[in-house]
Amino acid sequence: MPAESLPSYDELVAHVVELTARLEQALARVADLEARLKLSSSNSSKPPSSDGLAKPAPKSLRGRSGRGPGRPKGQDGVTLERVTDPDVVLRHRPAVCAGCGKSLAAATEIEVTRRQVIDLPEPKPQVTEHQLITLACACGHHTTAPAPPEASAPVVYGPRLAGIGVYLLHGQFLSVSRTAAAIKDLFGVPVAAGTVAGWVKRTALGIIDRVLPVIAGRVAAAPVAHFDETGMRTAGRLAWLHSASTPTDVLLAVHPKRGTIAMDEIGILPRFRGVAVHDAWAPYDTYTDAVHALCNAHALRELIYVTDTATGLVADLAGQAISALRQLNQLVGTAHTADATPDQADLAYHLHLLRSAVVLGAQATAERASKLERKHHALFVRLRDRRDDYLRFVTNPAVPFDNNPAERTIRMPKLRIKVSGSMRTLTGAEHFAAIRSYTATATRNGLGMLDALITAAAGNPWIPTTA
């Protein structure tokens, strides 16, 4: 090969530098793709439905309780109990002796063994006729008695049937047509799908007008409330279901937007002055009149993601933070159960472990040399800088460790979407959210869902008390 065709030393160096840079870019890209593959519902905010067939083995964030499976020792069991006054009594007498075969018609009764069968009577619709009497006065004027509210037309369905229809649709998540079919099969009453839709609309409008303002006021005035939001496919587009809840009240609202525009229109966060428990999504922090408590379950999942995707010191520090958070939760929870104060020495020890882990983690990832390292760094910095918000459960007994109550609040609406695929109209989604807010609040206050829906279908919905 001619000497003039060989690359010079400087050209070789430049080529090596170029290849090294491209290799570093490729390795960073590979690391990023591998990290994405490791994302799952156990180490991120992804829903379990996104895990697919490659769903990872479950990892409990609570750790082992030390208790075996089944009913705890000493806890009362539950079984069917006989009633003292049965509706029907059937006596069964043996006809002949099992020993000698003689007749027992005149035999002496010495014992009765009681067995009860709990069942439902055959359902049969009951028709009530309201006769509106017209009387003629001596003055010549004719006066007709007013019809009761449930008899608004010559022939109508009653509130119990309407309440059952709404219950099957938005309580048990049947479709409109299947709800109509179920009512016909169960009660022998033919109902059109449009009738079911009408029941839902009338029930929802009464709840929206009379009940939701009361629930919103109670949540806004609460000392601690949980907030969350999730996507809800509506009218062929992505809308958002917003949740605000307390142990006694639930308010769900559907809005085309996710952020502060929606939250302002819903109207709870702008006037909330208590402790708002939520995840670390930035729009919540714009409401500065509230005290903020961040969800530690989200933090644990993010830290688990660090242990899944990092190595060496960074992974070890994430593991230390996970252990410290879990121990703090156990210390505080055990003390609250016993109505006592957590051991201050243990508390200080695990608080120190947590702080050192996040401070050193932020330092170890400070170069932010890759996209993945930038993500790890952002987590450590947030845990360091918002320490008070994450540890609010340590200093305030009324604040929980996580925001799981909010996630449980939106679990049933998410199931509704999984069953139906989407809500056809925004109005229909708003009616669904109103009914779910009403039934969830009613059940939290000791009222059965079906009973609450029957009273709402009758035009007299249950309303929570106000101070």
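One can find the structure itself at the top, above this paragraph.
Asker: Can you walk me through the environment of Trp-240 in this structure?
Answerer: Among the secondary structure elements, Trp-240 is positioned in strand β4 (residues 237–245). Each C-alpha atom of the pair Trp-240 and Tyr-157 lies 34 Å from the other, and the pair is 83 residues apart in sequence. Not counting chain neighbours up to four residues away, the residues in contact with Trp-240 comprise Glu-229, Thr-230, Gly-231, Met-232, Ala-253, Val-254, His-255, Pro-256, Lys-257 and Arg-258.

Asker: Would you mind going over the packing of aromatic side chains with me for this structure?
Answerer: Given two aromatic rings, their pairing is described by the distance between the two centres and the angle made by the two planes. This model, assessed by the stated rule, comprises six aromatic pairs. Note on Trp-281 and Tyr-284: the rings are 5.9 Å apart at their centroids and 75° apart in plane angle, and the pair reads as edge-to-face. Ring geometry for Tyr-438 against Trp-462: centres 6.5 Å apart, planes inclined by 50°, an arrangement best described as tilted. Highlighted residues: Tyr-438 in helix α15 (residues 426–444) and Trp-462 in the segment after α16 (449–457), separated in sequence by 24 residues. Relative accessible area serves as the criterion here: at 0%, Tyr-438 is assigned to the buried category. The exposure class of Trp-462 is partly exposed, given its relative accessible area of 23%.

Asker: Hey, could you run me through the packing of helix α4 (residues 193–210) against helix α5 (residues 212–220) in this one?
Answerer: Axis angle and axis distance: for two packed helices, these are the angle between their axes and the distance between the axes, and together they describe the pair. Two elements in contact, α4 and α5, have axes separated by 4 Å at closest approach and are oriented at 45°. When the axis of α4 is compared with that of α5, the two are oblique. Of the residues in α5, those in contact with Ile-207, Ile-208, Asp-209 and Arg-210 of α4 are Leu-212, Pro-213 and Val-214. Each residue belonging to the contact of α4 with α5 can be placed in one class, and the counts come to five nonpolar, no polar and two charged.

Asker: Please explain the nonpolar core as it appears in this structure.
Answerer: A general trend in soluble globular proteins is that nonpolar side chains are found buried together. Within the largest apolar cluster, 43 residues are counted, with the highest numbers of intra-cluster contacts made by Ile-183, Trp-199, Ile-207, Phe-227, Ile-268, Ile-435 and Tyr-438. Sorting the residues of this core by element identifies α2 (159–171), α3 (176–187), α4, α5, β3 (224–234), α15 and α16 as the ones contributing at least two each. Ranked by residue count, the leading element in this core is α2, at six residues. Among residues more than four places away in sequence, those in contact with Ile-183 are Leu-161, Gly-165, Leu-168, Gly-188, Val-189, Val-191 and Trp-199.

Asker: Where do I start with the pairing of strand β5 (residues 250–255) in this structure?
Answerer: Taken across its six residues, β5 has six buried, putting it largely inside the fold. Residue alternation in β5 divides its side chains into two sets, Val-250, Leu-252 and Val-254 and Leu-251, Ala-253 and His-255, and both sets are buried. With six bridges connecting them, β4 and β5 associate as antiparallel partners. Looking at the pairing, His-242 lines up with Ala-253 of β5.

Asker: Would you mind showing me how to read the pattern of salt bridges here?
Answerer: Once the charged atoms of two side chains with opposite charge are near each other, the side chains can pair. Scanning the entire structure with this criterion turns up ten salt bridges. Of the charged contacts, one joins Glu-407 and Arg-301 as a salt bridge, the two residues approaching to 3.6 Å between their closest N and O atoms. Here Glu-407 is found in helix α13 (residues 404–409), whereas its partner Arg-301 is found in helix α7 (residues 296–309), with 106 residues between them in sequence. Close ionic contact of Arg-386 with Asp-389 constitutes a salt bridge, the shortest N to O distance being 2.8 Å. Overlapping salt bridges bring together Asp-285, Arg-386, Asp-389 and Arg-392 as one network.

Definitions and limits used
Starting from 1, residues in each chain are numbered consecutively following that chain's sequence as written. Per-residue local features are limited, in this predicted model, to residues with pLDDT of at least 70; the limit for side-chain atom pairs, both in listing and counting, is 80 or more; totals at the level of whole chains, interfaces and linings are taken over all residues. Here the side-chain values reflect all heavy atoms present in the structure, with hydrogen atoms and water set aside. Numbered from the N terminus, helices here are DSSP runs of H or I no shorter than four residues, and strands are runs of E no shorter than two. For this analysis, residues touch if any pair of their heavy atoms sits within 4.5 Å. Each pair of aromatic rings taken from Phe, Tyr and Trp, with Trp reduced to its six-membered ring, is defined by centres within 6.5 Å and is described as stacked if the planes are under 30 degrees apart, edge-to-face if over 60, and tilted in the remaining cases. Exposure classes here rest on a 1.4 Å probe applied to the protein chains alone. A residue is buried below 20% of its type maximum, exposed above 50%, and partly exposed in between. To define axes, lines are fitted to C-alpha atoms, for helices over the stretch in contact only, and angles between the resulting N-to-C directions are given on a 0 to 180 degree scale. Throughout this description, any angle smaller than 35 degrees is read as roughly parallel, any larger than 145 degrees as roughly antiparallel, any in the 65 to 115 degree range as roughly perpendicular, and the remainder as oblique. Any residue outside Ala, Val, Leu, Ile, Met, Phe, Trp, Tyr, Cys, Pro, Asp, Glu, Lys and Arg is labelled polar, Gly included; the first ten of those are nonpolar and the last four are charged. To qualify as a nonpolar core, a set must consist of buried Ala, Val, Leu, Ile, Met, Phe, Trp, Tyr and Cys residues joined through side-chain atoms within 4.5 Å. In this scheme, strands are said to pair when DSSP sees at least two bridges between them. Salt bridges are counted wherever a side-chain nitrogen of Lys or Arg sits within 4 Å of a carboxyl oxygen of Asp or Glu.

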